[in-house]
Amino acid sequence: MEATGTEEVDKLKTKFISAWNNMKYISVYSIVARCLYNLQSNPPSWVLKTKTYFSRNSPVLLLGKCYHFKCEDENKLLPARSGCTIEDHVISGNVEEFRKDFISRIWLTYREEFPQIEGSSLTTDCGWGCTLRTGQMLLAQGLILHFLGRAWTWPDALNIENSDSESWTSHTVKKFTASFEASLSGERELKTPTISLKDTIGRYSDDHEMRNEIYHRKIVSWFGDSPLALFGLHRLIEYGKKSGKKAGDWYGPAVVAHILRKAVEEARHPDLRGITIYVAQDCTVYSSDVIDKQCASIASGNTDDKAVIILVPVRLGGERTNTDYLEFIKGILSLEYCVGIIGGKPKQSYYFAGFQDDSLIYMDPHYCQSFVDVSIKDFPLETFHCPSPKKMSFRKMDPSCTIGFYCRNVQDFKRASEEITKMLKISSKEKYPLFTFVNGHSRDYDFTSPTTNKEDIFSEDENKRLKRFSTEEFVLL
């Protein structure tokens, strides 16, 4: 009886945490609006001003693409002008093009009622898994670039209801209130798979578009919440155990970078043979080590270079972020090579993907959604795409973060390292750069990792660094 009582308390605690996170994400005003709705016999459509506001006078950068909302006036696109640029960036589109691009990025959030994580009683990551989720989002963007390219957008992106739009109708209020009530009562919110592979394939005009949709679904399925998913939460936690982490612990951006590297290295899927991950050592990218990883397939008879995702864990200051790094972060997010930043503000992890003026644009994982079985052929995609971009002042950003880059081949890496190095020199002024690219191997600088047992996921040297990162990094809730 005592054990049963403890389990019931744990379940109630989990439901309460899920409801609380959803209230923070959606806004308590939805509950108030619901009460007002019930008081009216003929309720109007309630307008709730919870929208993220963007300036029409400033360009918006999203993972290397530039948009300008002033290019649109009453749904009419203005003709292109030679002055419609920001530095070396040409305007890619207006507000609708930006929305379509943003929504097409893969959004991974807290989930509940998924298969139990081995070694624990947890069936949700609500309250502790946000950094793992932001790491998943960064890796997902790298895979999107690898398989679909930066120009790809999801054809159904603009069909998703915008939960952060200027006006929330009474229908939307009902929907979110029902979700809140269901989380309290232990009921799962019913979801209708309105956008399925069967529905979308028929609209495609050629095999290329059909192939893109197949890869889109395949990438999403790799991040499913089941033990079999290659980059799912269950698999990432297994790799994290080797660094002393377990389900329910908090994970910092640097630890997540190493976990993602191991997940890609250990993935046994033919489509993933052409991509690898390199994690910078002590804010240093050793070029020869990166190229060796990219050329590893050549030794096995494959003449193609591997693509590489480079992850660089850094600190943007001491206890608080140094505002001198603002222009550098903006420069990084302006690069076509950038796949985003795992970061956040104290006690909250976000996936940063762009900026406008001095505000960062991000996707928020702190919204608890129901488990989706991605092994089903026509699983719904809506909950894996965020309709609502959010903004945050750079000054609120926590200094601990991990920056990600994608390079398709060795030549691409060499070009990227040159561009990033120039940017680092400009931003560092008289100070040390945030990180560096160095010719040669790490072993040339006495950073050789000792030979370890093949069963060990992390080397002894890596474990020391991970433990140091774990104690230095901020706690993420």
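The model shown is predicted, which means the values in this text are computed figures rather than measured ones. (Residues numbered from 1 in each chain as written. Predicted model: local features only at pLDDT ≥ 70, side-chain atom pairs only at ≥ 80, totals over all residues. Heavy atoms only, no water.)

A.B. asks: Sorry if this is basic, but what is going on with the packing of aromatic side chains here?
C.D. replies: What characterises a pair of aromatic rings is the spacing of the ring centres plus the angle enclosed by the ring planes. Across all of its chains, the model carries 19 aromatic pairs by this definition. Residues tryptophan 222 and phenylalanine 231 carry aromatic rings whose centres are separated by 6.3 Å and whose planes lie at 85° to one another, so their mutual orientation is edge-to-face. Tryptophan 222 gets classed as buried once you look at its relative accessible area, which sits at 5%. The interplanar angle of 40° and the centroid separation of 5.6 Å between the aromatic rings of phenylalanine 223 and phenylalanine 231 together place this pair among those described as tilted. There is no split in this pair, since phenylalanine 223 and phenylalanine 231 are both buried. Three or more aromatic residues joined by ring pairs form one cluster here, namely Phe54, Tyr67, Phe69, Phe98 and Phe102. The ring of phenylalanine 384 carries arginine 111 above its face, with NZ or CZ at 4.6 Å from the centroid. (Phe/Tyr/Trp six-rings, centres within 6.5 Å; stacked < 30°, edge-to-face > 60°. Buried < 20%, exposed > 50% of the residue type's maximum accessible area, 1.4 Å probe, protein only. Lys NZ or Arg CZ within 6 Å of the ring centre and 35° of its normal.)

A.B. asks: How do you make sense of the packing of helix H8 (residues 233-240) against helix H9 (residues 253-266) when you look at a structure like this?
C.D. replies: Angle between the axes and distance between the axes: these two values describe a pair of packed helices. Orientation of H8 relative to H9, taken along the N-to-C sense of each, is 110°, at an axis distance of 9 Å. As judged from the angle between their axes, H8 and H9 are roughly perpendicular. Here Leu236, Tyr239 and Gly240 of H8 lie close against H9, whose contacting residues are Ile259, Leu260, Lys262, Ala263 and Glu266. The residue inventory of the contact of H8 with H9, partitioned by class, reads 5 nonpolar, 1 polar and 2 charged. (Axes fitted to C-alpha atoms, helices over the stretch in contact; angles between N-to-C directions. Helix = DSSP H or I, 4+ residues; strand = E, 2+ residues; numbered from the N terminus. Parallel < 35°, antiparallel > 145°, perpendicular 65-115°, else oblique. Contact = heavy atoms within 4.5 Å. Nonpolar A, V, L, I, M, F, W, Y, C, P; charged D, E, K, R; others polar.)

A.B. asks: Would you mind going over unusual backbone geometry with me for this structure?
C.D. replies: Glycine aside, the phi torsion of most residues is negative, and most peptide linkages are trans. Not every positive phi belongs to a glycine, and glutamate 113 is a case in point at roughly 65°. Locating glutamate 113 in the fold gives a position in the loop between strand S7 (111-112) and helix H4 (130-147). For glutamate 113, a relative accessible area of 26% puts it in the partly exposed group. Despite not being glycine, cysteine 283 has its phi angle at roughly 65°, a positive value. We classify cysteine 283 as partly exposed; its relative accessible area is 28%.

A.B. asks: Is there a simple way to think about the pattern of salt bridges in this case?
C.D. replies: Opposite charge on two side chains lets them pair, provided their charged atoms get close. Using the criterion set out here, one finds 15 salt bridges in the structure. Between aspartate 101 and arginine 150 there is a salt bridge, with its nearest N and O atoms 2.9 Å apart. Linking aspartate 101 in helix H3 (residues 95-104) with arginine 150 in the loop between H4 and helix H5 (170-185), this pair joins segments that are 49 residues apart in sequence. The same class applies to aspartate 101 and to arginine 150, which are both buried. Members of the salt-bridge network, linked through shared partners, are Arg261, Lys262, Glu265 and Lys293. (Salt bridge = Lys/Arg side-chain N within 4 Å of Asp/Glu carboxyl O.)

A.B. asks: For this particular structure, what's the right way to read the nonpolar core?
C.D. replies: A general tendency of soluble globular proteins is for nonpolar side chains to be buried together. In this structure, Leu143, Phe231, Ile310, Phe405 and Phe435 are the most contacted members of the largest nonpolar core, which totals 116 residues. With 9 residues, the single largest contributor to this core is H4. With residues up to four places along the chain from it excluded, the contact list for phenylalanine 231 reads Gln136, Leu139, Leu143, Trp222, Phe223, Leu236, Ala263, Val264, Ala267 and Leu272. (Core = buried A, V, L, I, M, F, W, Y, C linked by side-chain atoms within 4.5 Å.)

A.B. asks: What am I meant to see in the environment of isoleucine 103 here?
C.D. replies: Here isoleucine 103 lies in helix H3. Looking at isoleucine 103, the relative accessible area reads 0%, which means it is buried. In contact with isoleucine 103, other than residues within four places in its own chain, are Ala157, Leu158, Ile160, His385, Cys386 and Pro387.

A.B. asks: Explain the state of the cysteines here, please?
C.D. replies: Counting across every chain of the model gives 0 disulfides. No disulfide involves cysteine 126; its sulfur sits 4.3 Å from the nearest other cysteine sulfur, which is in cysteine 368. A relative accessible area of 6% means that cysteine 126 is categorised as buried. (Disulfide = S-S within 2.5 Å.)

A.B. asks: What exactly am I supposed to notice about H8 here?
C.D. replies: Within an α-helix, residues lying three or four positions from one another point in the same direction, as the helix has 3.6 residues per turn. Among the 8 residues of H8, 6 are classified as buried, and the element is accordingly described as predominantly covered. Of the residues making up H8, those classed as buried are Leu233, His234, Leu236, Ile237, Tyr239 and Gly240. Looking at the buried positions of H8, the neighbouring elements they touch are H4 and H9.

A.B. asks: Honestly, the packing of H4 against helix H7 (residues 207-222) in this entry has me stumped. Any pointers?
C.D. replies: Between H4 and H7, the shortest axis-to-axis distance is 10 Å and the interhelical angle comes to 155°. Between H4 and H7, the angle is such that the two are roughly antiparallel. The two elements H4 and H7 meet at a crossing, and its hand is right-handed. Contact residues: H4 offers Ala140, Leu143, Ile144 and Phe147, while H7 offers Arg211, Tyr215, Ile219 and Trp222. Class assignment for the residues of the contact of H4 with H7 results in 7 nonpolar, no polar and 1 charged. (Left-handed = near helix turned anticlockwise from the far one by under 90°.)

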